[in-house]
Amino acid sequence: MQTSTCVFVGLDTSKLKISVALAEEGRHGEVRFLGDIDSSPDSVRRLIEKLSRKCAKLSFCYEAGPTGYGLHRQITDLGHECTVIAPSLIPKKAGERVKTNRRDALTLARLHRAGLAAIWVPDSGHEAVRDLVRAREAAMEDLREKRQHLQAFLLRHGRIYPGLRPWTKVYARWLANLIFPHQTQYLVLHENRQAIEEAETRLKRLDQHIAQTIPSWSMAPVIAAYQALRGVAFITAVTFVAEIGDIRRFETPRQLMGYLGLVPSERSTGDTVRRGSITKAGNARARRVLIEGAWTYRSPPRVSRPLQVRQEGLSKAVRDIAWKAQLRLCTRYRRLVAGGKRQTLVTTAIAREMAAFLWAIGREVQPADQP
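Reading the values: rules and limits
- Residues numbered from 1 in each chain as written.
- Predicted model: local features only at pLDDT ≥ 70, side-chain atom pairs only at ≥ 80, totals over all residues.
- Heavy atoms only, no water.
- Patch = residues over 30% accessible without salt bridge, like charges linked within 9 Å, V, L, I, M, F, W, Y side chains within 5 Å.
- Areas by Shrake-Rupley, 256 points an atom, 1.4 Å probe, with all protein chains shown as cover.
- Salt bridge = Lys/Arg side-chain N within 4 Å of Asp/Glu carboxyl O.
- Helix = DSSP H or I, 4+ residues; strand = E, 2+ residues; numbered from the N terminus.
- Buried < 20%, exposed > 50% of the residue type's maximum accessible area, 1.4 Å probe, protein only.
- Core = buried A, V, L, I, M, F, W, Y, C linked by side-chain atoms within 4.5 Å.
- Contact = heavy atoms within 4.5 Å.
- Expected span 1.5 Å × (residues − 1).
- Polar contact = N/O pair within 3.5 Å; in protein donor to acceptor, adjacent residues only side chain to side chain.
- Axes fitted to C-alpha atoms, helices over the stretch in contact; angles between N-to-C directions.
- Parallel < 35°, antiparallel > 145°, perpendicular 65-115°, else oblique.
- Left-handed = near helix turned anticlockwise from the far one by under 90°.
- Nonpolar A, V, L, I, M, F, W, Y, C, P; charged D, E, K, R; others polar.
- Phe/Tyr/Trp six-rings, centres within 6.5 Å; stacked < 30°, edge-to-face > 60°.
- Pairing = 2+ DSSP bridges.
- Right-handed = clockwise from strand over helix to strand, strands pointing away.

Q: I'm lost on a nonpolar patch on the surface in this one. Help?
A: Together, V303, W323 and L327 line one region of the surface with nonpolar side chains, adding up to about 250 Å² of accessible area. Tracing the sequence through the fold places W323 in helix α12 (residues 316-338). Relative accessible area serves as the criterion here: at 36%, W323 is assigned to the partly exposed category.

Q: Is there a simple way to think about the nonpolar core in this case?
A: One broad trend across soluble globular proteins is that nonpolar side chains are buried collectively. Within the largest apolar cluster, 70 residues are counted, with the highest numbers of intra-cluster contacts made by L154, Y226, L229, F240, L256, L260 and L290. The element best represented in this core is helix α13 (residues 343-364), accounting for 11 residues. Contact partners of L229, with chain neighbours within four places excluded, come to Y297, L307, R310, A322, A325, M354, F357, L358 and I361. Grouped together as the second largest cluster of nonpolar side chains are 20 residues, L11, L51, F60 and I75 included.

Q: It is not clear to me how the side chain of S43 should be interpreted in this structure. Could you clarify?
A: Relative to the assigned elements, S43 resides in helix α1 (residues 41-52). In this structure S43 comes out as buried when scored by relative accessible area, which is 8%.

Q: Is there a simple way to think about helix α4 (residues 124-156) in this case?
A: Compared with an ideal rise of 1.5 Å per residue, which puts 33 residues at 48 Å, α4 spans 48 Å between its outermost C-alpha atoms and is within 8% of the ideal. Turning to α4, its buried residues are H126, E127, V129, R130, L132, V133, R136, A139, L143, L150, F153 and L154. For α4, the secondary structure elements touched by its buried residues are α2 (70-77), α5 (169-176), α6 (183-213) and α8 (234-244). Between the side-chain oxygen at the start of α4 and the backbone nitrogen of G125 there is a gap of 3.2 Å, and the oxygen is on D123.

Q: Got a minute to help me understand the packing of α1 against α2 in this structure?
A: If you want to describe how two helices pack, look at the angle between their axes and the distance between the axes. In contact at an axis separation of 11 Å, α1 and α2 are set at 40 degrees when each is read in the N-to-C sense. Between α1 and α2, the angle falls in the class oblique. Once α1 is placed against α2, the crossing between them reads as right-handed. Taken together, the residues of α2 that come into contact with α1 (itself represented by P41, V44, R45 and I48) are L71, Q74 and I75. Residue classes in the contact of α1 with α2 are distributed as five nonpolar, one polar and one charged.

Q: I tried to follow the environment of Y297 on my own but got confused; where do I start?
A: Its location among the elements puts Y297 in the loop between α10 (284-294) and α11 (305-311). With relative accessibility at 0%, the residue Y297 sits in the buried group. Linking Y297 and T331, residues 34 residues apart in sequence, is a C-alpha distance of 8.5 Å. Setting aside chain neighbours within four positions, we find Y297 in contact with L229, R230, A325, Q326, L329, C330, Y333, I350 and M354.

Q: Hey, could you run me through the packing of aromatic side chains in this one?
A: To describe a pair of aromatic rings, one takes the distance between the centres and the angle between the planes. Counted under the stated rule, the structure contains eight aromatic pairs. Judged by centre distance (4.9 Å) and plane angle (65 degrees), the rings of W167 and Y171 are edge-to-face. Judged by relative accessible area, W167 falls into the partly exposed class, the value being 27%. Three or more aromatic residues link up through ring pairs in this structure, and these residues are Y161, W167, Y171 and W174.

Q: Where do I start with the environment of K204 in this structure?
A: Secondary-structure assignment places K204 in helix α6. Between the C-alpha atom of K204 and that of A23, which follows or precedes it by 181 residues, the distance is 51 Å.

Q: How do you make sense of the pairing of strand β5 (residues 81-85) when you look at a structure like this?
A: A regular strand carries its side chains on alternate faces of the sheet. The element β5 is extensively covered by neighbouring structure, given that four of its five residues are classed as buried. As paired strands, strand β4 (residues 55-63) and β5 are joined by five bridges and run parallel to one another. Along β5, the bridge assignment pairs S59 with E81. Crossover β4 to β5 through α2 is right-handed.

Structure representation (structure tokens):
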């Protein structure tokens, strides 16, 4: 017999199974463990059909993790609410030393009934682009690691490059003319160089895939508008959009800054105020590209030729925001440096304000697939 009550369902997901717990509505509603099911879509569908016959309303939740958002999409397609929770926002009891799937599912159901903040879930198209961008980031990290291996090998044998910039054609000729006392060391040098060439080819291939994919993406107008800002080139803009999504879900720039972990941490009590380093909460990839872009504001404000090309075809409102950002951030960069602040602190402060200008541009530009 179907009742009018709402049941909150906590799902502790893993690779092979899902632990299910139920919490009835109301402060003192019963919380019980239902059992384990297979993580296959068929098992999930049968579970939902069984619960739907007994409850008028179901509200599911599970932790974000390596299993992705397929479960969320399946539940919402079947017409039920589903919330994905950030693991870092789940409160934990002090001194608790026992962790099981059963306990986690019961905790999720209980906390979901009390109300937990949900994370933003991208659609399948957005997630596909984000996977591509993260694959490029992994390729970039792989290339960086292989270059470090070669430089470590050269340093061990006292081969120091006399030039200013490595990984150029001049640097390649310098590597080709190196002399070692043993034949095996030539083999090591060759293997390292070959590994670097393969990593560079992989990175270029992914760059081409991204360049071909973005024009047909619904967020392409937003990516083009973000590039009006100094320090935000194509890859930076794509990474930021892929990780953040529609920036209009943040009501204020301060919310975006907090999501990116660019606001100072604080431990204050009474009249004592203690502020520390940035929280580094939220999305580390988006934070990293902003900090890298913040270095460009050490130079005086100007519209360079590449920046002028990126701004072609954009609205006057977007270009005005970008120029306002240059005037403010370049001045602030010089003022902070003159005040004796560390370079890392200065670039972090600039990156925080860059996020605010990106928020303003994102609110100005309308995605193609949204009203």
